[in-house]
Protein chains: 2
Amino acid sequence: MSQWVYKFGGGSAEGNTSMKNLLGGKGANLAEMASLGLPVPPGFTLTTDVCTYYYDHGEKYPDDMDAQIETGLAHIEQLTGKVFGDAVNPLLVSVRSGARASMPGMMDTVLNLGLNDETVDGLAKLSGDRRFALDSYRRFITMYSDVVMGVHHHTFEDILEDAKLDNGYNLDTQMTASDWEAVIVLYKAAVRDALGRDFPQDAREQLKGAVDAVFGSWMNDRAVVYRNLNDIPAAWGTAVNVQAMVFGNMGDTSATGVAFTRDPSTGENRYYGEFLINAQGEDVVAGIRTPQTLTKESRLEMGDDAPSMEEALPEVYAQLAETFVALEGHYRDMQDIEFTVERGMLWMLQTRTGKRTARAAIKIAVDMAEDGSITTDEALMRIEPLSLDQLLHPTLDPNAVRDLVASGLPASPGAAIGQVVFSSDEAETLAKAGHKVILVRIETSPEDIHGMHAAEAIVTARGGMTSHAAVVARGMGTPCVSGAGTIRIDYAAGQFTCAGRVVKAGDIITVDGATGQVFAGEVAMVLPEMSGDFAKVMQWADDARTMAVRTNAETPLDVQTARDFGAEGIGLCRTEHMFFEADRLAHFREMILADNEEARRDALAKILPVQREDFAAIFRVMEGRPCTIRLLDPPLHEFLPHAEADIEALAETLKLPASELMARARELAETNPMLGHRGCRLGISYPEIYEMQARAILEAQALVSKESGINPIAEIMIPLVSSEKELELLKAHIDAVAADIDVSDYTVGTMIELPRAALRADRIAEFAAFFSFGTNDLTQTTYGLSRDDAGKFLPDYVRAGIMEKDPFVTLDQDGVGDLIRIAVERGRATKPDLKLGICGEHGGDPASIDFCQRVGLNYVSCSPYRVPIARLAAAQAAIRAKGL
Amino acid sequence: MSQWVYKFGGGSAEGNTSMKNLLGGKGANLAEMASLGLPVPPGFTLTTDVCTYYYDHGEKYPDDMDAQIETGLAHIEQLTGKVFGDAVNPLLVSVRSGARASMPGMMDTVLNLGLNDETVDGLAKLSGDRRFALDSYRRFITMYSDVVMGVHHHTFEDILEDAKLDNGYNLDTQMTASDWEAVIVLYKAAVRDALGRDFPQDAREQLKGAVDAVFGSWMNDRAVVYRNLNDIPAAWGTAVNVQAMVFGNMGDTSATGVAFTRDPSTGENRYYGEFLINAQGEDVVAGIRTPQTLTKESRLEMGDDAPSMEEALPEVYAQLAETFVALEGHYRDMQDIEFTVERGMLWMLQTRTGKRTARAAIKIAVDMAEDGSITTDEALMRIEPLSLDQLLHPTLDPNAVRDLVASGLPASPGAAIGQVVFSSDEAETLAKAGHKVILVRIETSPEDIHGMHAAEAIVTARGGMTSHAAVVARGMGTPCVSGAGTIRIDYAAGQFTCAGRVVKAGDIITVDGATGQVFAGEVAMVLPEMSGDFAKVMQWADDARTMAVRTNAETPLDVQTARDFGAEGIGLCRTEHMFFEADRLAHFREMILADNEEARRDALAKILPVQREDFAAIFRVMEGRPCTIRLLDPPLHEFLPHAEADIEALAETLKLPASELMARARELAETNPMLGHRGCRLGISYPEIYEMQARAILEAQALVSKESGINPIAEIMIPLVSSEKELELLKAHIDAVAADIDVSDYTVGTMIELPRAALRADRIAEFAAFFSFGTNDLTQTTYGLSRDDAGKFLPDYVRAGIMEKDPFVTLDQDGVGDLIRIAVERGRATKPDLKLGICGEHGGDPASIDFCQRVGLNYVSCSPYRVPIARLAAAQAAIRAKGL
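All values reported here derive from a predicted model rather than from experimental measurement.

Undergrad: Break down the interface of chain A and chain B for me, with residues and values.
TA: With 49 residues of chain A in contact, the opposing surface of chain B contributes 49 residues. Carbon and sulfur atoms make up 54% of the surface buried where chain A meets chain B, a total of about 4200 Å² over both sides. Among the residues of chain A in contact with chain B, L675, R756 and I802 of chain A are the three that bury the most area, contributing 14% of the side total. Our count for the chain A to chain B interface comes out at six salt bridges. Residue R756 of chain B is joined to D812 of chain A by a salt bridge in which the shortest nitrogen-to-oxygen separation is 2.6 Å. Across the contact surface, chain A and chain B share 30 residue pairs in polar contact (both at pLDDT 80 or more). Mapped onto the side of chain A that touches chain B, the elements with two or more residues apiece are α26 (658-668), α27 (680-685), α29 (724-741), α30 (755-759), α32 (775-783), α33 (787-790), α34 (794-799) and α35 (816-830) of chain A. Broken down by class, the residue content of the side of chain A that touches chain B amounts to 19 nonpolar, 14 polar and 16 charged.

Undergrad: Break down the pairing of strand β28 (residues 570-574) of chain A for me, citing the residues and quoting the values.
TA: Residues and elements named next belong to chain A. Most of β28 is tucked away: five of the five residues are buried. In this sheet, β28 lies alongside strand β27 (residues 548-552) in parallel orientation, the contact comprising two bridges. When the bridges of β28 are listed, T551 appears paired with I570. With three bridges joining them, β28 and strand β29 (residues 626-630) adopt parallel strand pairing. Of the residues in β29, the one forming a bridge with I570 is C627.

Undergrad: Tell me what's going on with the packing of aromatic side chains, and back it up with residues and numbers.
TA: Residues and elements named next belong to chain A. Considering all chains together, one arrives at 38 aromatic pairs over all chains under this definition. Aromatic side chains F260 and Y272 sit 6.3 Å apart centroid to centroid with 55° between the ring planes, which places their arrangement in the tilted category. With F260 in strand β9 (residues 255-260) and Y272 in strand β10 (residues 272-277), this residue pair connects regions lying 12 residues apart in the sequence. By relative accessible area, which is 18% here, F260 ends up buried. Judged by its relative accessible area of 41%, Y272 falls in the partly exposed class. Grouped by ring-pair contacts, the aromatic residues Y54, Y55, Y61 and F215 constitute a single cluster. When the ring centre of Y859 is taken as origin, the NZ or CZ atom of R550, which lies over that ring, is 4.0 Å away.

Undergrad: Account for the domain arrangement of chain A, naming residues and giving values.
TA: In terms of domain boundaries, chain A breaks down into domain 1 (5-244), domain 2 (255-356), domain 3 (394-526) and domain 4 (545-635 + 670-881). The centre of domain 1 of chain A, based on its C-alpha atoms, is set 50 Å off from the matching centre of domain 3 of chain A.

Undergrad: Residue-level account of unusual backbone geometry, with values.
TA: Phi is mostly negative for residues that are not glycine, and the peptide bonds are mostly trans. Residue and element names in this part refer to chain B. A positive phi angle, close to 65°, is found at N112, a residue other than glycine. Positionally, N112 belongs in strand β7 (residues 109-113). The backbone phi angle of E623 is positive, close to 40°, even though this residue is not glycine. Inspection of the secondary structure assignment puts E623 in the loop between α24 (597-622) and β29 (626-630).

Undergrad: So what about helix α21 (residues 556-564) of chain B? Which residues, and what values?
TA: Residues and elements named next belong to chain B. Taken residue by residue, α21 has D558, V559, T561 and A562 as its buried positions. Around the axis of α21, the buried residues are gathered within 160° of arc, so they sit on the same side. Opposite the buried face of α21, at more than 90 degrees from it, the exposed residues are L557 and D564. Phi for G566, located one or two positions after α21, is positive at around 100°.

Undergrad: I'd like a rundown of helix α25 (residues 644-654) of chain B, residues and numbers included.
TA: Residue and element names in this part refer to chain B. Taken residue by residue, α25 has I647, L650 and A651 as its buried positions. Taken end-on, α25 shows its buried residues confined to a sector of 105°, consistent with a single buried face. Exposed side chains of α25 directed beyond 90 degrees from the buried face belong to A645, E652 and T653. Of the surrounding elements, those touching the buried residues of α25 are α23 (582-593) and α26 (658-668). K655, located one to two residues past α25, shows a positive phi value of around 55°.

Undergrad: Talk me through the environment of T515 of chain A; I want residue IDs and the actual numbers.
TA: All names here are of chain A. If you trace the backbone, T515 turns up in the loop between β24 (508-512) and β25 (517-520). Each C-alpha atom of the pair T515 and V481 lies 8.3 Å from the other, and the pair is 34 residues apart in sequence. Excluding residues within four positions of it along the chain, T515 makes contact with G408 and P410. Within the local environment of T515, its side chain forms a polar contact with the side chain of D512, the two groups lying 3.2 Å apart. A polar contact is formed between the side chain of T515 and the side chain of Q517, at a distance of 3.1 Å.

Undergrad: Report on the pattern of salt bridges, specifying residues and quantitative values.
TA: Residues and elements named next belong to chain B. Using the criterion set out here, one finds 115 salt bridges over all chains in the structure. A salt bridge links E328 to R262; the nearest nitrogen and oxygen atoms lie 2.8 Å apart. Of this pair, E328 sits in helix α13 (residues 314-331) while R262 is found in the loop between β9 (255-260) and β10 (272-277), placing the two residues 66 residues apart along the sequence. For the residue pair E328 and R262, the accessibility class agrees, reading buried in each case.

Undergrad: Go over the relation of the copies chain A and chain B, please, and point to the residues and values.
TA: When chain A is fitted to chain B, the residual RMSD is 0.1 Å, and the transformation amounts to a turn of 180° plus an axial shift of 0.0 Å. Such a combination of turn and shift is consistent with a two-fold rotation axis. Identified as the residue of chain A closest to the rotation axis by C-alpha distance is N672 of chain A, at 2.1 Å. A symmetric contact is evident, with 100% of the interface residues of chain A recurring at the interface of chain B.

Conventions and cut-offs
Residues numbered from 1 in each chain as written. Chains lettered and ligands numbered in written order. Predicted model: local features only at pLDDT ≥ 70, side-chain atom pairs only at ≥ 80, totals over all residues. Heavy atoms only, no water. Contact = heavy atoms within 4.5 Å. Buried area = accessible area lost by both parts, 1.4 Å probe. Salt bridge = Lys/Arg side-chain N within 4 Å of Asp/Glu carboxyl O. Polar contact = N/O pair within 3.5 Å; in protein donor to acceptor, adjacent residues only side chain to side chain. Helix = DSSP H or I, 4+ residues; strand = E, 2+ residues; numbered from the N terminus. Nonpolar A, V, L, I, M, F, W, Y, C, P; charged D, E, K, R; others polar. Buried < 20%, exposed > 50% of the residue type's maximum accessible area, 1.4 Å probe, protein only. Pairing = 2+ DSSP bridges. Phe/Tyr/Trp six-rings, centres within 6.5 Å; stacked < 30°, edge-to-face > 60°. Lys NZ or Arg CZ within 6 Å of the ring centre and 35° of its normal. Domains from an automatic or database assignment. Arc of directions from axis to C-beta. Least-squares fit on C-alpha atoms with pLDDT ≥ 70 in both.

Below, the structure is given as structure tokens:
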């Protein structure tokens, strides 16, 4: 005989906290608290196995379940001294669902079950409060009819409104016992009208209906969609908890409250919570009355008049505080607790690990590790890496008044205030003149880099989380809202409109990159604090992790920021940015427009000294740490202007016919630039470009080595390789340059960013000292999905439940990850000491970092502001790999 | 002691034809002929092992090689009765390279080696012809100095020209013995001047020099590049053949000639060849004298006056004819033979399998199979599948006069004549009026389909072998020259220019798609003949092959053509073409521009009956053979006009503001359309499109089944799937449509054309009845290479030796093929009976078809005109798989 029912209460329980799969989260924790001897209203849990059985057998229950439910009810009756369905001494129960994971969309709770026309009198007499009993009954009819019987709660709200109107009342509290009595008659009639049958009066029939409703809701549309999106198997099922009711609204010695064992906002080790005298849980949530503080200390701090629980109910408070200590000691983590006091008697209704801010997570983890409650490994596992982002950027003051003008995607966190500008040139000019500017563009391109650098924040009307604006902004640590699709930018008029509002160039706006919101005017800000605890956590993380953390950076500012955040090297220095600055773009365009190798070499020779100095600056900051420098990657047309006026201006400058320039631009244009003449294909067509870059890198290395005595580590990286022959040929060119300069202390490696490169890793490894997985492009090619275009249909995909996560944010481990696994295996088979890293955007994503650890990479590389996140995520990955 | 030297001659040999790897092709066949007792001038072969040893040991020879060469020379001396270097009775030898595969770029031949100032007198006396001896000597000095010593042959040609001028001669034949004597003195002086040393007089030194030159040339740049391009390992090495000279120029009983044992042009079983009395081999090639026919029959046919060899040298001819029979019987294939007659004595200098036209290949194979010389399997292996192309299209008369105006890529074979038109509308109008037109465009797009259908041939200025024009033209069997980069088209002026010539609309041109040439005016044509032998070969191929052959076709004409060529089903019916015809494009555009589902459904409902009739027509032709129909694939913007004027015209038609239409077109435009909103992504975003298509297919199936009693087999194919969830969802939609119509006799499958689909094949197979590998897109994504853009840099790749073959023509087995292997394994692991096919362009490429056989596909599918090629290639693949 299977056990379908697990009883708890009276100082013991058949289940415990480790049985979450069988009892659900709520049921397991109720059992655990009962076993700990804490005051838990007695009850029982119908297991998730019942749910599985129910769906496996055409929505039928196991034969022996009803008998076990009777045993469970008898257990509650025995402990409470009340009888389920008894008119004189009625037992009331709550029925709650409880899955392994929190599941929105399912039936949640039915309270006061067991009330009917007779037991309501019993409750009135027991409580000595007829109005309370009738109020409970009408609430039960509403709740049960709505969630169990499918009569919409509006039906009952309408009846209540009419009754209040008839009586000239404004508030429910004005309703008397006899008013409720009249309403209940109408409620029951409404149920009969709607369903053609009476509201069930039999307590057991009520219970059966509630249990059916919970199990039935497991397969409703909302729950199914939620599970699909969150990868929760339908086979998990839900449990049902049936528990004796306790009442916090039985007079002045009754109360209800919620509490955290530590401050969930700051992490301070002091109790934090709210309670209400003579109230039920829903009253706290409803916000009709102002809750009171738990402790006197809190009350004094807040200047509150109403007494704290510590003062109002000192004995129960002392018992509650003891319970806090017991629960935190038992669960070894901060707890989020619900309790009710019924006539001076404390009852625990729920405990679970409490949610907390990033700041609190760090403080709690550090405090508990330092007092020996948990290990440093456990402390590290308790902090959500992505939450650190909140601590690394200024944020809006949560209490500030806001005037929202537009919303988009939270593309790069942080908040900033400035005046609106619509062109990158203007952004630069105004910034140089000391103004703070916000760059607002339909979208950005590499030509906007100088404006993006100058801006405090960036807003674009188009583009997703991985659009040019978003990627560059994150790299710079500049707040960015991308894809604010409702704004219409009119460059000519120098303004944008959004929902009828007009914002002009020069107007002040505030941008919150963490939420994707744009506000009119200045919104007050809070600056980030790198507390001592933060530094401690980072140190523990560095001790725990086995993968190195590098950064994707190329400007001296970004490189320095990344160093300050603890980057151990550069994983991706994108040299194309080095061609866009004004002092070289002209020469580079000259090279593009040259029609023979000699003219190209002449133009490149002018860029060489500038680029050498760029690399020297990076080497100086990195002080001997490895620097992976990627040679030119984007197609040449990205360096030419596109607008007719710009082309004419450039033609004027270069003293070329505009028609010729336009023809060249047209010639260079590509149908699919992502799959076009770029990456090492440029190096094959124009070897002189890569030769100049190699020379600049190696000469800078020699220079810095000489001036500082520290030898920079240059790792020259060839992009977009698809065949070993490309790498062989281009490596030979670089080696020839090195031989010419007479240096030898460098390595040559490649990006693995095309499926073919992953598949041919065994051959490519013959010529590569290292692989760096360029997972942005690898995702694009593996999925056949353009980052720039996917924004149009990915929402359809998420809606249809096809794609759970944006594969440009979190690595697609099944597909792209499979190619990485293949490349790692094949590459290392050829060269066991092959150095392996990742430099796509995924290098800063915790789930992807965990994958990198499992697949055996040596390092991850991410944008400067992601470095602390990556350090923590890498530590967690290493700890997980140890099997914690 | 290793054997470095293999002797042959005098009725025996140490080697044989199976030793090509060791002796090279030439050496092995000389040995074989010698063993057969045929008259082969005695000689020996220095093996390819010598070459390998030479390069493995820093360009040194094995110690014992010289001694073995001496043995070889002694062998020749013994059989010829002459002595190497002897002044009275000199032995002269030829030195020839001979690798396993023919190798342009290497040193080829030195003749008359052994001549010097003394032996030339001996030769004069032996031959009784002093002028002949001196002429041989001066030729030897020129040839040897040039290829062995590096003195350019121009040096000698200049001296000879001067001598002729001085003497007032026009022709070499006017030179007397004493003239040659004088020239030889100047030749030797020139060598001394150039090198500071004398022309070598010692015969053994000459021989050593020639051997060095052959082995040295194995590693020269041209040979290395050739090997890289043709995948020939350097380790193969070359052999060197040293052989006694024989002279066809020793008077009227001497002769030299070349012969084929069957007619290499028609395949007829009769001797075919040419010879010259009193001449050396090079005279036949030089074309100074007109060669005579071999047989009397040929002479009479050609109306030739000069006697045939059969008549002039009847005894030797009889001996030669016997040799032909012996060789063909021995090698079991048509032979290409070189021979020399020295004073009535026949000498065989070479035999090898003869090259032949497609027509000849078929006739020879069929004849030999039918007379039992070879099996039908062997017959099939003897025909190059791609060569069949020559037989399937009209071709230019090889004897016609031509006036070339432009050249491009041979994008689709066949020849056509017509008047130039520059727009598809005009092409259609003129064609309807009975004119034959050639459509000339900068490039084509799907909007040109009607014009391409109407045209006799297509010429484009841009695009490669797999551009839109090329692919569509091949599919239609229409001749096409693509990427004729030198022509400049001026649509406005209605003309194109090329190298200064102007061709106007209406001018007649001739297009040869097989060579990529465009000619002014009409060039005479030859029509294709499907001979009985062709049909026989196809029948044998069908019996031998295990893979089915389907076609990629959708118009009734193409489907019928493919059936006539033997297609066993449709592997790819591209339904997008069905939206482009005039009677539905307007409705489809209406759908694209609709802003809600209802309006889209209304527009689609108008297309449904037309599309249903399209499918019915296909089902009728295919008479119960399987038809794989791909649902809409290209992005919607391809269906909208792009030019401003076209947009305005459309806006007028649709009664929409042009600005709105332009905005929608801009909204739909994509940065990388190849990776954009297309394929099943459209089916996810607009389920109503796929539902309409599924309905049209299934209703057409029911219709044709009812009218003919033959049930069409519909295989509905979902394109661009990257995740099993896409397929699951879309299959459910199709199943719902089928349930609605109440049909069940169809299957749903998917293209595998993205790397992720290949990797996830195990999961995708859960919902797919079949996979069809879309290797065009799979190649694009695996390589990260856009077909439309690759043309700009692939030439650089070929030049650098990085890419051997265009991966869009021949499947990249290492990379793309690896993904196919993975997909086959994983797909069949889930569903062992999964039906697997290929429908990319590669389905018509023999090397790729061989791969498909090895990897276990069930069928290949190709354009209609490729079907016979694919049938033969599939047969060859099956025969190879059996281990033949």
